[in-house]
Every structure is written in C-alpha cells, then in structure tokens.
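Residue-level structure breakdown
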Amino acid sequence: MQTTWKGTISFGLVSIPVHLYSATQEHDVALHQVHAKDGGRVRMKRYCEREEKEVPYAEIAKGYESPDGRTVTLTDEDLADLPLPSKKIIDVLAFVDATEIDPLMFSKAYYVGVADKGAAKPYALLRDALVESGQIAVTKIALRTRESPAVLRVHDGTLVLQTCIWPDEVRPAAGIAPEEDVKVRPQELKMARSLMETLSEDFDLSQLHDDYQLALQQVVQARLEGVEIPHEEEPGEAPDNVIDLMEALRSSLKQAKVAHGGDGPAGEGPAPPRKRAAPAKKTASAQPEAAATKTTTRKTTARKATTGETTTGKTTTRKTAAPRKAS
C-alpha cells in the first residue's frame, strides 16, 4: 500500500512516528472524452495564453490573481516552506465523544501505521486509550495544499485518521426542511418505528453493490459486441401525494415483513403458513395394485351398464334403486 503522508502524532510529550495510507478506493468504469462524430480521443492540453502555445507539465506552477488583476506565481518550494506545524505533526488537541462531531464534517479516511518498531508501544497505548474511553482525538493535519481538522479513531484494531471540513464550511440548513408546524400522531410514529425495525432485520452493509457500474459495464459490452443495449423496464408511476399516511405506513410494513419472511403488519397476526401436500408413499406393491385395479375396471365395465356398479380402486360399491312407493 502506497504511503500518502509521513510524520508524527504528538500525544502530550509522547511522539509516535507514523505513515498514512489511503483507507478507501472508489471503483468506477473509466470513461474518456471522445469526438461524438468519429470517436476520436479528445485530450486536454496545457496552453499558455501569452505565448499562445502548449507548455510542458514541468513548467506549470500555481498562481493567485488579486482583486486588482495582479497575478502572483507560487512555486512548489514556496508551498513546501509554509510555516505550518501540521505539515509533519499530528498534534492531538483534545478528546471528545464521537457524537460531538457531526458526520457531515467527515471527509477522507486514512489508515495510520507505525513508521518503525519503536513506535509500536505508544501506538498501542493511544489506540487502547481511545477504545477504553469510547472517545476520539481531535487534531489538525496539512495534506498537500490544505490544512484540515481531523479526528483519530479506532477501526478493526487500527488507528484511522479522518479528515474533516472546517465548521464554517458547513452550509446552514435553514429554510430547507418544512417550516410549517407539522403534527405527527403517536400511532404514525409507532408504525414508522416498526417499519424501521423490519427493514433493518438481517441487514448486511457488505452485501450492497454498485448497480450503476454493473449497468454501465453491460452497456459498454453490448456496444463492443454490436448487440442491442439492455434497457430497464419502465418504472411504475409514484403516487403524487400521500393521502393517508397511516395506510401508506401499514402497506409499507406489510410489504417489508413479507419480504423478510415474517408476520403480517401489527394487528393482523402472523402470516398463515403455507400448506404442503403430503408426499405419496412409495411401496413395493404400488405397481401390482395399479395393474390389478386396471384389470378389475375392464372386467366390470360391462356389468356397470346393467347393474349400476361403480369401482374406485379396489372397492366396489353397488348402487341399488330406491323402492317404488305403493300406488
């Protein structure tokens, strides 16, 4: 695994030399820009407006344009020499409960590994202290061209550094949720909780997969083979409005319980079990009995026409005419 950052975790007077490794990776189908007319590859070129020519990547630097139109050029050396302690040190600022950090602030995750054998003991000390306290460590780190707040937490026995955005970078949510006073009845809330519990039964996050990527691969393969592109069936129309919220919840709960193989919705009792037909017993005399039945049937066919006898299997029943009433 490629090292992303090298530095030291500062935990009071304890120093832990560490390396950071990217903890996540995104899988995607690589798509390129092409000319729709002939499929020719479209490439982005670095073009200098003043010299009106393409420039090599080695001559590219970063620049800042001031409000009055002046441009300042910043080299890699300028950025590398910024007076930031967080460039090489992850300084633990405080320990807080995990609930104090809104997940909205979380960004990218990195595994934290030791840089040498001497760092194993303080690494384990910090890790075990976090586990025992149930807290996370708040810190800061400078990665590439950005300093970010971050937290240190434990995942599968390994320290994880999760970068965050700054609190003032979180946009306010005012005016997005319904502003009118909406009353939710206790029965509706109870039914919603039942639906939540049913949908959560036997849920396994690891079983989720990327349907979009799979569908895109199918389209690409169809294009390569020159066959018809698969199309999804037209989805049914969603209801415009929920007229009866309670009925919608009840129907949703019923569908969820059926999908999970459980009972029907509350108040209806458990779903009745399916009745299975008992399997026919196979005996050694089954075939001879069937042959004997066929023989008996042939022999009694003529007699049935005159006497009214009926034969079922090996049992013969004689139909007798009802006595006439005396006149």
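For the structure given in this document, a descriptive report is provided here. As the structure is a computational prediction, the values presented were derived from the model and not from experiment. (Residues numbered from 1 in each chain as written. Predicted model: local features only at pLDDT ≥ 70, side-chain atom pairs only at ≥ 80, totals over all residues. Heavy atoms only, no water.)

A word on helix H4 (residues 211-225). The end-to-end C-alpha distance of H4 is 21 Å, a good match for the 21 Å that 15 residues give at a rise of 1.5 Å each. When we look at burial in H4, the residues that qualify are Gln 213, Leu 216 and Ala 222. Its side-chain oxygen at 3.1 Å from the backbone nitrogen of Tyr 212, Asp 210 defines the N-terminal cap of H4. Trailing H4 by a residue or two, Gly 226 shows a phi angle of about 70°, which is positive. (Helix = DSSP H or I, 4+ residues; strand = E, 2+ residues; numbered from the N terminus. Expected span 1.5 Å × (residues − 1). Buried < 20%, exposed > 50% of the residue type's maximum accessible area, 1.4 Å probe, protein only. Polar contact = N/O pair within 3.5 Å; in protein donor to acceptor, adjacent residues only side chain to side chain.)

As summarised here, the arrangement of the eight strands in space is E7-E1-E2-E9-E12-E11-E10-E8, forming an open sheet in which the pairing is mixed. Strand pairing shows two members of the sheet lacking a second neighbour, strand E7 (89-91) and strand E8 (94-97), which therefore form its edges. The average undirected angle you get between the axes of adjacent strands in this sheet is 40°. Its contacts with the sheet put helix H2 (residues 120-133) on strand E1 (3-11), strand E2 (14-22), E8, strand E9 (106-114), strand E10 (135-143), strand E11 (146-155) and strand E12 (158-164), and the angle it makes with E11 is roughly 75°. (Pairing = 2+ DSSP bridges. Axes fitted to C-alpha atoms, helices over the stretch in contact; angles between N-to-C directions. Contact = heavy atoms within 4.5 Å.)

To continue, consider the packing of aromatic side chains. Using the criterion set out here, one finds one aromatic pair in the structure. Judged by centre distance (5.7 Å) and plane angle (70°), the rings of Phe 11 and Phe 95 are edge-to-face. Of the two residues, Phe 11 is situated in strand E1 and Phe 95 in strand E8; the sequence distance between them amounts to 84 residues. Judged by its relative accessible area of 21%, Phe 11 falls in the partly exposed class. Against the face of Tyr 110 rests Lys 108, its NZ or CZ located 5.8 Å from the ring centre. (Phe/Tyr/Trp six-rings, centres within 6.5 Å; stacked < 30°, edge-to-face > 60°. Lys NZ or Arg CZ within 6 Å of the ring centre and 35° of its normal.)

Time to look at the pairing of E1. Sheet analysis places E1 next to E2, joined by eight bridges and oriented antiparallel. Along E2, the bridge assignment pairs Gly 7 with Val 18. The pairing of E1 with E7 spans three bridges and is parallel. Paired with Ser 10 across the two strands is Asp 91, which belongs to E7.

The next subject is the pattern of salt bridges. Tallied over the full model, the rule gives eight salt bridges. Lys 183 is paired through a salt bridge with Asp 181; the nearest N and O atoms lie 3.4 Å apart. Of the charged contacts, one joins Arg 185 and Glu 188 as a salt bridge, the two residues approaching to 3.3 Å between their closest N and O atoms. A relative accessible area of 10% means that Glu 188 is categorised as buried. (Salt bridge = Lys/Arg side-chain N within 4 Å of Asp/Glu carboxyl O.)

Generally speaking, soluble globular proteins have nonpolar side chains that are buried together. Judged by nonpolar contacts, the single largest core of 20 residues is most densely connected at Ile 9, Val 112, Ile 141, Leu 152 and Leu 161. Looking at this core, the elements with two or more residues in it are E1, E2, E9, H2, E10, E11 and E12. Not counting the four nearest positions on each side in its chain, Ile 9 is found in contact with Val 14, Ser 15, Ile 16, Val 18, Ile 90, Val 92, Val 112, Leu 126 and Leu 152. (Core = buried A, V, L, I, M, F, W, Y, C linked by side-chain atoms within 4.5 Å.)

Between two packed helices, the angle of one axis relative to the other and the distance separating the axes together describe the packing. Two numbers describe how helix H3 (residues 186-199) lies on helix H5 (residues 245-259): the axes approach to 9 Å, and their chain directions differ by 20°. Comparing their axes, H5 and H3 come out roughly parallel. Relative to H5, H3 is oriented so that their crossing is left-handed. In this structure, H3 contributes Gln 187, Glu 188, Met 191, Ala 192, Ser 194, Leu 195, Thr 198 and Leu 199 to the contact, and H5 contributes Leu 245, Met 246, Leu 249, Arg 250, Ser 252, Leu 253, Ala 256 and Lys 257. (Parallel < 35°, antiparallel > 145°, perpendicular 65-115°, else oblique. Left-handed = near helix turned anticlockwise from the far one by under 90°.)

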